[in-house]
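In case you want the letters, here they are:
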Protein chains: 2
Amino acid sequence: MADTSTCPPLERQSVQAAHKRIKEHIRRTPVVTCATLNTLASTSQSQRCPSSGPNTASEPCPHHGEVSGPPVKFTARPNVKLFFKCENQQRIGAFKARGAFHALGRLIEVDGIESVRKQGVVTHSSGNHAQALALAARTYDVPAHIVMPSISTPSKISGTQSLGANVVFSGSTSEEREAVTSDIMKKTGATLVPPYDHPDIILGAGTQALEFEEQVEELISHDHDLGVAGRKRLDAVIAPIGGGGMLSGICTALHGTGIKVFGAEPQFEGANDAELGLKHGKRIETVKTMTIADGLRTPVGEIPWSIISDKGKCAGIFSVTEEQIKAAMKLAMERAKLFIEPSAAVGLATILYNEEFRTLVQREAGDAGWNLGIVLSGGNTTVEAITKLFAVSEKVAERAGGKVTANGEKVAVNVPG
Amino acid sequence: MADTSTCPPLERQSVQAAHKRIKEHIRRTPVVTCATLNTLASTSQSQRCPSSGPNTASEPCPHHGEVSGPPVKFTARPNVKLFFKCENQQRIGAFKARGAFHALGRLIEVDGIESVRKQGVVTHSSGNHAQALALAARTYDVPAHIVMPSISTPSKISGTQSLGANVVFSGSTSEEREAVTSDIMKKTGATLVPPYDHPDIILGAGTQALEFEEQVEELISHDHDLGVAGRKRLDAVIAPIGGGGMLSGICTALHGTGIKVFGAEPQFEGANDAELGLKHGKRIETVKTMTIADGLRTPVGEIPWSIISDKGKCAGIFSVTEEQIKAAMKLAMERAKLFIEPSAAVGLATILYNEEFRTLVQREAGDAGWNLGIVLSGGNTTVEAITKLFAVSEKVAERAGGKVTANGEKVAVNVPG
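Every value quoted in this text rests on a predicted model; they were computed, and no experiment measured them.

Considering the sheet that holds strand β8 (residues 260–266) of chain B
Where strands meet in a sheet, backbone hydrogen bonds hold them as pairs that are either parallel or antiparallel. Residues and elements named next belong to chain B. The 6 strands lie next to each other as β1-β2-β10-β7-β8-β9, forming an open sheet whose pairing is mixed. Looking at which strands have only one partner, the edges of the open sheet turn out to be β1 (31–32) and β9 (316–320). Bridge count for β8 against β9 is 5 bridges, and the pairing is parallel. Of the residues in β9, the one forming a bridge with Phe262 is Gly316. Here helix α15 (residues 355–365) sits on the sheet and contacts β2 (80–86), β7 (236–240), β8, β9 and β10 (370–376); the angle it forms with β10, its principal contact strand, is near 145 degrees.

The following block contains the structure:
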């Protein structure tokens, strides 16, 4: 990776320069809207909840049976129109392509293509960053070594291999991964391209925010009804935070534009390290969680933290439960027809189910409302994984009455389907 | 429905007029591309098949264990770039919104809004057409009665009801549906809006082809690599055929442009009535099939047949197996990140797995290749239905070795996951 001393400063202009550099290699992913999800997000959770009256939205309530402590009043009713940035349709199926192309491009600028081709690049990643670096390396004809835990998603392993990378397996703790990685560096002289904790990665990941800004303005200028009345641009963006490369990139890209940036993360087993870190004024350095949002299991990196902990750049971090992530993922698929991985669903889950965030939006946006951008960070999951993920809820539905055929047709019990 | 004697002729200009009429009510759905699917479609099936050598694409072969009769040589290797028209992201989740808005708009033009509001409209449909008519009726403040078989997909029933329509249940044979429908017509004076066999529906459904044409040219003009070398527009389109409203609309829209139009349908239990009808030179009037492509279970209607059986308008119909539909649906989701219903997958299944079609494309397109448009007609399925649909294949995978966690991570058997 290019030495950080050679890196451009972490500011909007550098993100614009990064965008120019990677433009030809990445996709300007679509931005889409969904009327049903706008309605759901703009309806109070109590009204949406099947056990508290007429359920206008016909969606199950992801709170029931899990709210503990003092009763929460789900009364917030923010006025929002949602815009989804479909980085699930980015090359390799996730936003990571942006950072990888930028980081490798910069490394080549600094060290020269001959030297980079001779030494190669290496990274450790269980998923999207691995495929992203493999793709960028193939594009520049540079050898890539990818250290992956042997328990990684099979589709991610085969995806990385089919891009021509040399996949090396390791154990799944960070110590085990790092040992294998430094071994490869010693043997080959390969340069490490870390997944998030580097300015070049951050600047690359932030480029999506520039497109998002433009695309929402384009959409609203074509059809005013897509936005809240009278507003012609994004008011705020919410994006997932794991290592924080993407969120800090978006904060950097949008700083000074007046567009607020929020982060969303899973709560499960302390995966909400960024939220907790902000509360205690100190970065949390280790996280051990098996949240279904597998892209968000890592703690926030040092450089991302320096940006995210700056109130002037990041307006807040909110977290959601596993059930809320699943409910949002299901809605994104069934209603907006977008195939996303669990990690990509945390932003939508937050505006739908996090009452604290919903209250904040209602207060800050007022009657005028907000055009809220939601980053769908990736779509690298499989039908098999989805089948597993939703198997339990389905069994519950079956017990609740009636079998369902392969097409979802309801068949009375005891009648051959 | 407007009397057919008042209908515009079935030609391209009428589709253009229809497009103007409905433009403000429908979505100009996105057109997307996917490099992996281009590669798969342009690789011979033998090379793709895991049991005949290196499996470059790491996809299961949907032929194994089901090819009977004389051995087929899967050697065709057409050169194609695929463009997907995402009507799964159309309003109500399917192309049907186009026909419904056009038919109701025309009815109002002819009969006057007062009269239409007084009498209302009625249709019988198990799915997407029901929701489409309900939406159009709500938009024009017209009462809508929808006759649905009581075994319909629950999400489709609730979708139709939440759009304000009066849902009336019936048995699932066409006789039972029609009896209930004519009962409603007698009682209320409502006008029947049939799902496909009417010029106004056909012209409305065809409007997507005009957008498709334009959008592919726009995409290629921005990025030449998206198309096959040297060609700047669509060469051919393949679309699903059930009742034939959409396919005949597309044939009508593209007639005279030089863009060839093909149809794709399921083979299961004689669902390929259009293909068989063409072979025998006679429309097949009844079909009884439970193909997973539930939108394509109906026989081709009379008016659609008059267009589709015209060689100058429709270049051919091809069919695919249930396994091939499932395999294509899985690829559309996992690779292109598009959430589609089984009916929408038949076009992709045909270019990937129907050797006769692949051979034809190779022959006609030659080395230059084709830009092939694939219509993804709808996305109205649920996670629950997908779980059921793929449950069997998943059990097979489990037997083949290893458990898979909710994230698709592979865990060795006997080790707690």
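Regarding the nonpolar core
Core analysis: the biggest nonpolar cluster contains 98 residues, and Leu82(A), Leu348(A), Ile351(A), Leu82(B), Leu348(B) and Ile351(B) have the highest contact counts within it. Once you skip the residues sitting within four places of it in the chain, Ile351(A) turns out to touch Ala41(A), Pro78(A), Val80(A), Leu82(A), Phe357(A), Arg358(A), Val361(A), Leu372(A) and Ile374(A).

Re the confidence of the model for chain A
Residue and element names in this part refer to chain A. On average, chain A scores 89 in pLDDT, and the residues at 70 or more come to 88%. Every residue in residues 53–57 scores below 50 in pLDDT, and together they form 9 contacts with partners more than four places removed in sequence or on other chains. Taken together, the stretch residues 400–417 has pLDDT below 50 and engages in 37 contacts with residues farther than four places along the chain or on a different chain. Across the whole predicted complex the pTM is 0.89, and at the interface the ipTM reaches 0.87.

A closer look at helix α13 (residues 322–334) of chain B
Residue and element names in this part refer to chain B. Between its first and last C-alpha, α13 extends 18 Å over 13 residues, near the 18 Å set by a 1.5 Å rise per residue. In terms of burial, α13 is a largely internal element, 11 of the 13 residues being buried. For α13, the set of buried residues is Glu322, Gln324, Ile325, Lys326, Ala327, Ala328, Met329, Leu331, Ala332, Met333 and Glu334.

Concerning the sheet that holds strand β1 (residues 31–32) of chain A
Residues and elements named next belong to chain A. With mixed pairing, 6 strands are arranged side by side in an open sheet as β1-β2-β10-β7-β8-β9. Unpaired on one side and paired on the other, β1 and β9 (316–320) mark the two borders of the sheet. Alignment of β1 against strand β2 (residues 80–86), held across 2 bridges, turns out to be antiparallel. The partner of Val32 across the bridge, within β2, is Phe84. Its contacts with the sheet place helix α9 (residues 199–222) against β1, β2, β7 (236–240) and β10 (370–376), and it is angled at close to 130 degrees to β2.

Description of unusual backbone geometry
Negative phi is the rule for most residues except glycine; trans is the rule for most peptide bonds. Residue and element names in this part refer to chain A. The backbone phi angle of Asp141 is positive, close to 60 degrees, even though this residue is not glycine. Within the secondary structure, Asp141 sits in the loop between α6 (128–140) and β4 (144–149). Taking the relative accessible area as the measure of exposure, Asp141 reaches 54% and is therefore exposed. Positioned with a positive phi, Lys337 is a non-glycine residue whose angle comes to about 65 degrees. Within the element layout of this structure, Lys337 appears in the loop between α13 (322–334) and α14 (346–353).

Thoughts on the environment of Asp273(B)
Residues and elements named next belong to chain B. Tracing the chain through its elements places Asp273 in helix α11 (residues 273–280). Measuring from C-alpha to C-alpha, the distance between Asp273 and Thr207 comes to 25 Å, with 66 residues separating the pair along the chain. When residues no more than four places from it in sequence are discounted, the contact partners of Asp273 are Glu265, Ile284, Val287, Thr298, Pro299 and Val300. Among the polar contacts made by the side chain of Asp273, one reaches the main-chain amide nitrogen of Val300 at a distance of 2.9 Å.

So, how was this worked out
Residues numbered from 1 in each chain as written. Chains lettered and ligands numbered in written order. Predicted model: local features only at pLDDT ≥ 70, side-chain atom pairs only at ≥ 80, totals over all residues. Heavy atoms only, no water. Pairing = 2+ DSSP bridges. Helix = DSSP H or I, 4+ residues; strand = E, 2+ residues; numbered from the N terminus. Contact = heavy atoms within 4.5 Å. Axes fitted to C-alpha atoms, helices over the stretch in contact; angles between N-to-C directions. Core = buried A, V, L, I, M, F, W, Y, C linked by side-chain atoms within 4.5 Å. Buried < 20%, exposed > 50% of the residue type's maximum accessible area, 1.4 Å probe, protein only. pLDDT = per-residue confidence, 0-100. Expected span 1.5 Å × (residues − 1). Polar contact = N/O pair within 3.5 Å; in protein donor to acceptor, adjacent residues only side chain to side chain.

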